[in-house]
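Descriptive structure summary
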Amino acid sequence: MGAGALTLPAAQAEEADTGAGVRSVVFVGNNWEGTATLLDPRTFRPVATIDVVPDYVERLREIAADPYRLTYFLAIRAAIGEGNDQFVDDMYSSLDGRLVVISRPSFADVVAISLRTRRIVWRFKVAGVRSDHMAVSPDGRRVVVSASTGNVVHVLRIRDGKELGRFTSGGSPHESTFIDGGRRILHASIGTVYSPLDEPGIPDPLEGERVLQIVNARTLEVERRYDLRKALDARGLDQVSTSVRPITISPDEQKFYFQLSFLHGFVELDRASGRITRVVRLPNLVPETPRAAYVLDSAHHGIAMNRSGRRICVAGTMSDYATIVVPARRWGHTRLLHGGLKPYWVTPSADGRYCYISWAGSDTVSRISYKTARIVTTTRVGDHPQRVRNGFVRRDYLAGLGFHASSAP
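Cut-offs and rules
- Every chain is numbered on its own, with residues counted from 1 as its sequence reads.
- pLDDT decides what is reported in this predicted model: residues at 70 or higher carry local features, side-chain atom pairs at 80 or more are listed and counted, and totals for whole chains, interfaces and linings draw on all residues regardless.
- With hydrogens and water set aside, each side-chain value is computed from the structure's full complement of heavy atoms.
- Counting from the N terminus, the helices are DSSP H or I runs at least four residues long and the strands are E runs at least two residues long.
- Residue exposure (1.4 Å probe, protein chains only): buried if accessible area is under 20% of the type maximum, exposed if over 50%, otherwise partly exposed.
- Here a polar contact means two N or O atoms within 3.5 Å. Within protein one must be a hydrogen donor candidate and the other an acceptor candidate, and residues neighboring in sequence count only if both atoms are side-chain atoms.
- In this description, contact between two residues means that some pair of their heavy atoms is separated by no more than 4.5 Å.
- Disulfides are defined as pairs of cysteine sulfur atoms found within 2.5 Å of each other.
- Directions drawn from the helix axis to the C-beta atoms are what define this arc.
- Note: two strands are recorded as paired if DSSP finds a minimum of 2 bridges between them.

Quick notes on the side chain of Ser106
Mapped onto the elements, Ser106 comes out in the loop between β5 (99-104) and β6 (109-114). Take Ser106: its relative accessible area is 1%, and that puts it in the buried class. A polar side-chain atom of Ser106 sits 2.7 Å from the main-chain amide nitrogen of Gln86. Excluding residues within four positions of it along the chain, Ser106 makes contact with Ile63, Arg69, Phe73, Ile76, Asp85 and Gln86.

Quick look at the state of the cysteines
Each disulfide consists of a covalent bond between the sulfur atoms of two cysteine residues. This structure, assessed with the given rule, holds 1 disulfide. Two residues share a disulfide in this structure: Cys313 and Cys355, whose sulfurs sit 2.2 Å from each other. Because the sign of the S-S torsion sets the handedness, a value of about 50° for the bond joining Cys313 and Cys355 places this disulfide among the right-handed ones. Remark: Cys355 occurs in strand β25 (residues 354-359) and Cys313 occurs in strand β21 (residues 312-316); sequence separation between them is 42 residues. Residue class for Cys313 comes out buried when judged on its relative accessible area of 0%. Since its relative accessible area comes to 0%, Cys355 is described here as buried.

What about helix α2 (residues 56-64)?
Along α2, the residues classified as buried are Tyr56, Arg59 and Ile63. Summarising the axial view, the buried residues of α2 lie within an arc of 70°, below the 170-degree limit, and thus occupy one face. Opposite the buried face of α2, by more than 90 degrees, sit the exposed residues Arg61 and Ala64. If you follow the buried residues of α2, they end up packed against α3 (67-78), β5, β6 and β7 (120-125).

Some thoughts on the pairing of strand β10 (residues 152-157)
Within a regular strand, the side chains alternate between the two sheet faces. When you tally the buried positions in β10, you get 5 out of 6 residues, the bulk of the element. Of the strand pairs in this sheet, strand β9 (residues 142-147) and β10 are connected by 6 bridges, and their pairing is antiparallel. Directly across from Ala147, in β10, lies its bridge partner Val152. What sits between β9 and β10 in their antiparallel hairpin is a turn of 4 residues, with Asn151 showing a positive phi close to 60°. The pairing of β10 with strand β11 (residues 163-168) spans 5 bridges and is classified as antiparallel. Looking at β11, one finds that Val153 is bridged to Phe167. If you look at the hairpin formed by β10 and β11, you'll find 5 residues sitting between the two strands, and Gly161 has a positive phi there, around 80°.

Take a look at the structure:
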């Protein structure tokens with residue numbers, strides 16, 4: 001199952017249109033625009049757009065009154081946002097289709113927005129000055145959110161935003177995925193990937209603490225931390241960064257597949273031994289591009305294995321392609337699909353037939369057939385789409401959602 005695959009258990013996703021008055025939708029977060037586009041998973045066409053910053057003016061006044069917050073707000077805009085504010089990094093709907101929970105990096109918070117009223121139901125301010133990736137528990141009751149500069153991951157109750165706890169991470173907490181039926185969380189931090197210090201020739205401590213760890217989802221204690229530097233060096237990858245980007249997991253959850261900051265491809269890590277058991281290298285179409293010019297230090301950013309474990313969909317971010325890797329064919333890849341610019345996230349469809357990919361530089365999303373390795377549909381969404389998630393909305397809410405612009409100018 002890939003990053004995002006646990007958003008909706010397969011059975012729930014497939015039954016979404018037949019029970020409980022809810023229907024399946026695909027949420028696309030338009031990070032720079034401050035909206036979320038809802039797509040029909042059957043037609044892959046927009047059915048609604050919601051404003052995710054209805055409190056924009058209030059938040060700007062709050063930030064302007066605090067010099068410390070204002071400094072970081074402008075820094076996020078100039079560096080990570082590439083000159084733009086970041087209004088939606090990640091999102092998940094509640095299983096009953098009433099709420100959508102969104103992390104908003106520039107506002108350093110997580111909000112739940114009612115899909116009936118389009119108003120904020122609750123807001124949680126994260127530690128530090130920036131929120132980032134999230135993950136939802138299989139039962140849909142909890143969401144975890146990474147506090148980028150707070151070096152912790154918050155665990156929130158979805159229905160009311162109450163913090164149930166938090167666990168420690170390394171520098172710049174990033175990706176999280178629930179595993180073992182929700183009993184544990186696989187989590188990674190990426191260190192100072194946004195600075196020139198993320199360079200193999202510079203000692204690791206100066207690049208921030210970067211971790212890959214398994215956390216007990218009940219006690220929130222770290223059960224295991226992998227020594228990635230040792231594992232990579234053992235495979236001759238001593239010049240490869242230990243900053244783990246998106247992760248996908250084998251069906252039996254014994255193999256972790258993840259991308260690393262400057263690696264064109266991905267690695268396979270054996271859960272039990274902690275060893276790197278495979279390195280899959282994919283085409284680098286920008287060999288002359290300096291590392292400092294990589295978008296957020298991401299050679300590749302987006303990976304999702306299908307349910308059978310026989311196909312892996314990959315986003316070649318800096319090289320502007322998507323491709324399918326086939327383990328049974330000696331881990332070779334299919335044709336390179338040039339469907340847009342800067343692919344930046346991959347999510348399996350709820351029915352398992354497609355992988356969804358966002359083209360952040362083209363303001364589009366595509367669905368790619370795992371079977372044929374072809375782009376089936378491409379749809380225009382908002383400005384700078386990143387995260388794509390399977391979700392729910394109540395049927396009786398959909399007509400009232402319509403298409404709404406962001407409150408941000």
